[in-house]
Amino acid sequence: MTKLRVGLLFGGRSGEHEVSIISARAIARGLREGGNGDKYEMLPFYVQKNGLWQGPAVAQQVLETGEAIACSEIIERRSQLWQFPPAAAEVDVWFPIIHGPNGEDGTIQGLLTLMQAPFVGSGVTGSAVGMDKLAMKDAFAQAGLSQVKYMSVSRSEVWSNPCVFPKLCDKIEETLGYPCFVKPANLGSSVGISKVRSRSELEAALDKAATFDRRLIVEAGVVAREVECAVLGNDQPKASVVGEITYQSDFYDYETKYTDGKAQLHIPAALSPDVTTQIQEMAVKAFLAIDCAGLARMDFFYVEATGEILINEVNTLPGFTSLSMYPQLWAATGIPFPELVNRLIQLALERHPAS
Ligand SMILES: Nc1ncnc2c1ncn2[C@@H]1O[C@H](COP(=O)(O)OP(=O)(O)OP(=O)(O)O)[C@@H](O)[C@H]1O
Ligand SMILES: C[C@@H](N)C(=O)O
Ligand SMILES: [Mg+2]
Ligand SMILES: [Mg+2]
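Residues numbered from 1 in each chain as written. Chains lettered and ligands numbered in written order. Predicted model: local features only at pLDDT ≥ 70, side-chain atom pairs only at ≥ 80, totals over all residues. Heavy atoms only, no water.

Student: I tried to follow the nonpolar core on my own but got confused; where do I start?
Tutor: As a rule of thumb, nonpolar side chains are buried together in soluble globular proteins. Counting 38 residues, the largest nonpolar core has L8, F10, I27, F95, F320 and I345 as its most contacted members. Looking at this core, the elements with two or more residues in it are β1 (4-11), α1 (17-30), β2 (40-47), α3 (56-65), β4 (93-96), β9 (225-233), α12 (325-333) and α13 (337-351). A total of seven residues in this core trace back to one element, the largest contributor, which is α13. Once you skip the residues sitting within four places of it in the chain, I27 turns out to touch L8, F95, I97, F320, F337 and V341. (Core = buried A, V, L, I, M, F, W, Y, C linked by side-chain atoms within 4.5 Å. Buried < 20%, exposed > 50% of the residue type's maximum accessible area, 1.4 Å probe, protein only. Helix = DSSP H or I, 4+ residues; strand = E, 2+ residues; numbered from the N terminus. Contact = heavy atoms within 4.5 Å.)

Student: Looking at this structure, I do not really get the environment of A331. What am I missing?
Tutor: Within the secondary structure, A331 is located in helix α12. Between the C-alpha atom of A331 and that of V241, which follows or precedes it by 90 residues, the distance is 9.6 Å.

Student: Would you mind going over the site of ligand 2 with me for this structure?
Tutor: Taken together, E16, H99, S189, Y258, R297, N315, P318 and G319 make up the full set of residues near ligand 2. Contacts to ligand 2 include N315, whose side-chain N or O atom sits 3.2 Å from an oxygen atom. A total of 220 Å² of accessible area belongs to ligand 2 in isolation, and the protein chains cover 93% of it. The pocket occupied by ligand 2, as judged from atoms lying within 2 Å of grid points, is the largest pocket. (Near = heavy atom within 4 Å. Polar contact = N/O pair within 3.5 Å; in protein donor to acceptor, adjacent residues only side chain to side chain. Areas by Shrake-Rupley, 256 points an atom, 1.4 Å probe, with all protein chains shown as cover. 1 Å grid on protein atoms, 1.4 Å probe; cavity = no way out; pocket = protein on both sides within 12 Å on 5 of 7 lines; lining within 4 Å. Sits in = over half its atoms within 2 Å of the grid points.)

Student: How should the side chain of S23 be read in this particular structure?
Tutor: Here S23 is to be found in helix α1. When residues no more than four places from it in sequence are discounted, the contact partners of S23 are I97, H99, G319, F320 and T321.

Student: What is the right way to look at the sheet that holds strand β10 (residues 238-247) in this model?
Tutor: Strand pairing in a sheet is mediated by backbone hydrogen bonds. Such pairs are either parallel or antiparallel. The five strands lie next to each other as β11-β10-β9-β12-β13, forming an open sheet whose pairing is antiparallel. Of all strands in the sheet, those with a lone pairing partner are β11 (263-266) and β13 (308-315), marking the two edges. Averaged over all pairs of adjacent strands, the angle between strand axes in this sheet comes to 30 degrees, irrespective of strand direction. Along the sheet, α12 contacts β9, β10, β11 and β12 (294-303); its crossing angle with β10, the most-contacted strand, is approximately 125 degrees. (Pairing = 2+ DSSP bridges. Axes fitted to C-alpha atoms, helices over the stretch in contact; angles between N-to-C directions.)

Student: I would appreciate a short explanation of the packing of aromatic side chains in the present structure.
Tutor: Centre distance and the angle of the planes are the two values used to describe a pair of aromatic rings. Within this structure, the stated rule accounts for 11 aromatic pairs. Aromatic side chains F10 and Y46 sit 5.4 Å apart centroid to centroid with 45 degrees between the ring planes, which places their arrangement in the tilted category. One end of the pair, F10, is in strand β1; the other, Y46, is in strand β2, with 36 residues separating them in the sequence. For the pair F10 and Y46, one class covers both residues: buried. Grouping aromatic residues by their ring pairs yields a cluster made of F95, F320, Y326, W330 and F337. Here K257 stacks its cationic end above the ring of Y252, 5.0 Å away from the centre of that ring. (Phe/Tyr/Trp six-rings, centres within 6.5 Å; stacked < 30°, edge-to-face > 60°. Lys NZ or Arg CZ within 6 Å of the ring centre and 35° of its normal.)

Student: What am I meant to see in the coordination of the magnesium ion (ligand 3) here?
Tutor: The protein atoms that coordinate the magnesium ion (ligand 3) are E313 (OE), E313 (OE) and N315 (OD1), at distances of 2.1 to 2.4 Å. The metal-metal distance between the magnesium ion (ligand 3) and the magnesium ion (ligand 4) is 4.0 Å, with E313 serving as a donor to both. There is no split in this pair, since E313 and N315 are both buried. (Donors = N, O, S within 2.8 Å, 3.2 Å for Na, K, Ca; no water.)

Student: I keep staring at the UniProt feature "binding site: Mg(2+) 1" (unreviewed entry) in the protein and nothing clicks. Help me out?
Tutor: UniProt's entry tags D299 and E313 with the feature "binding site: Mg(2+) 1" (unreviewed entry), counted in the numbering of this structure. Checked against the lining of the largest cavity, the annotated residues just named reduce to E313. Turning to its location among the elements, D299 is positioned in strand β12. Ignoring any residue separated from it by four or fewer positions in sequence, one finds D299 in contact with V227, E228, L310, I311, N312, E313 and N315. Secondary-structure assignment places E313 in strand β13. Among the residues examined, E313 registers a relative accessible area of 11% and is labelled buried. Engagement of the side chain of E313 in a polar contact is seen with the side chain of K133, the distance being 3.3 Å. (UniProt positions renumbered as here; feature names shortened; annotations may be inferred.)

Student: What is the right way to look at the state of the cysteines in this model?
Tutor: Where two cysteines share a covalent bond between their sulfur atoms, that bond is called a disulfide. Counted by the stated rule, this structure contains zero disulfides. Among the cysteines around C163, which has no disulfide bond, C169 carries the closest sulfur, lying 13 Å off. Cysteine C169 is unpaired, with the sulfur of C180 as its nearest cysteine sulfur at 9.5 Å. On the basis of relative accessible area, C169 is assigned to the buried category, the value being 0%. (Disulfide = S-S within 2.5 Å.)

Student: I would appreciate a short explanation of the UniProt feature "domain: ATP-grasp" (unreviewed entry) in the protein in the present structure.
Tutor: The positions that UniProt labels "domain: ATP-grasp" (unreviewed entry) are, in the present scheme, residues 137-346. Secondary structure content for residues 137-346 is 37% helix and 29% strand, while the C-alpha to C-alpha distance between its ends is 30 Å.

Laid out in structure tokens, this is it:
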């Protein structure tokens, strides 16, 4: 039987580069296990931090060592970016697992669409709207999904003259108060996010977030349980069981997410059947609201005292590390990891039938 060649695309010009390598290692394993090895042949491609693509020989090395390749941040000639590894032309279906900007935001999806190549996950619209927390919140509001109070801020306001910046901080304090969360609009894994409790922390947090993105979001801090729900499918997506995260740190920051033992995942979460169903319905509604495909993980806040369920965000290419919620939620719902990888590839082929 001819094996289908799966292009595993990872790394990327993103603050989540290292997370992508760990996710890709797990998917590479999944492509070998559970009978997948008989059906699929993996061709790995690694996008360096400066945006240059490396073909299977180098990519395999990165998968084996788990280490990003050191490279100068600036490429010498932009024409190098047009030189894709020749093996890319042999790929039958792509599995992009680049988290964050330049990968999860519709850019890779646009490239693969132009190449007429089937790929796992959302297309341009779902990826772009899902990545940008401001666009995402507008779409969720339109769909009637409850969210925390927030304000949009631009880098130009943060890095403006000394008269504008204090007024911006005044407005945030009046509208949202403390604690609040300052985030780059287009990122993930909590990179660039700060929880702030004072004016001086707010100023520093805005400056930090502005180094990552032109678009920023500031949200009112909510005291709530953190729950997540995985979604799988194309036009009739299904929701997984709901999981909860607990931790001792101030919030679910990068270190807490990716250090073994710092966060506890409770799957399924101890929630009433009614609350569980509401979260699952909201997750599917959110998936359809922004035109997701294949997979997404929806993050929620559950305010137990009032019964409110607030959607926090969507991740259209969620983490696949051994500590990540998405594969664990499906395993608990009855889809083991290799079968999940297989289904995602089949969903990609269903969505992009050969012409
Ligand atoms: N408005 C808020 N109130 C309380 N906590 C918040 C709020 N926003 C974010 N947090 C905390 O920050 C964490 C990261 O936020 P968020 O999920 O929006 O960021 P992210 O970078 O997209 O993360 P990831 O993609 O890895 O899930 C949340 O899991 C939560 O612990
Ligand atoms: C990878 C990270 N953004 C996640 O959502 O798991
Ligand atoms: Mg996210
Ligand atoms: Mg999140």
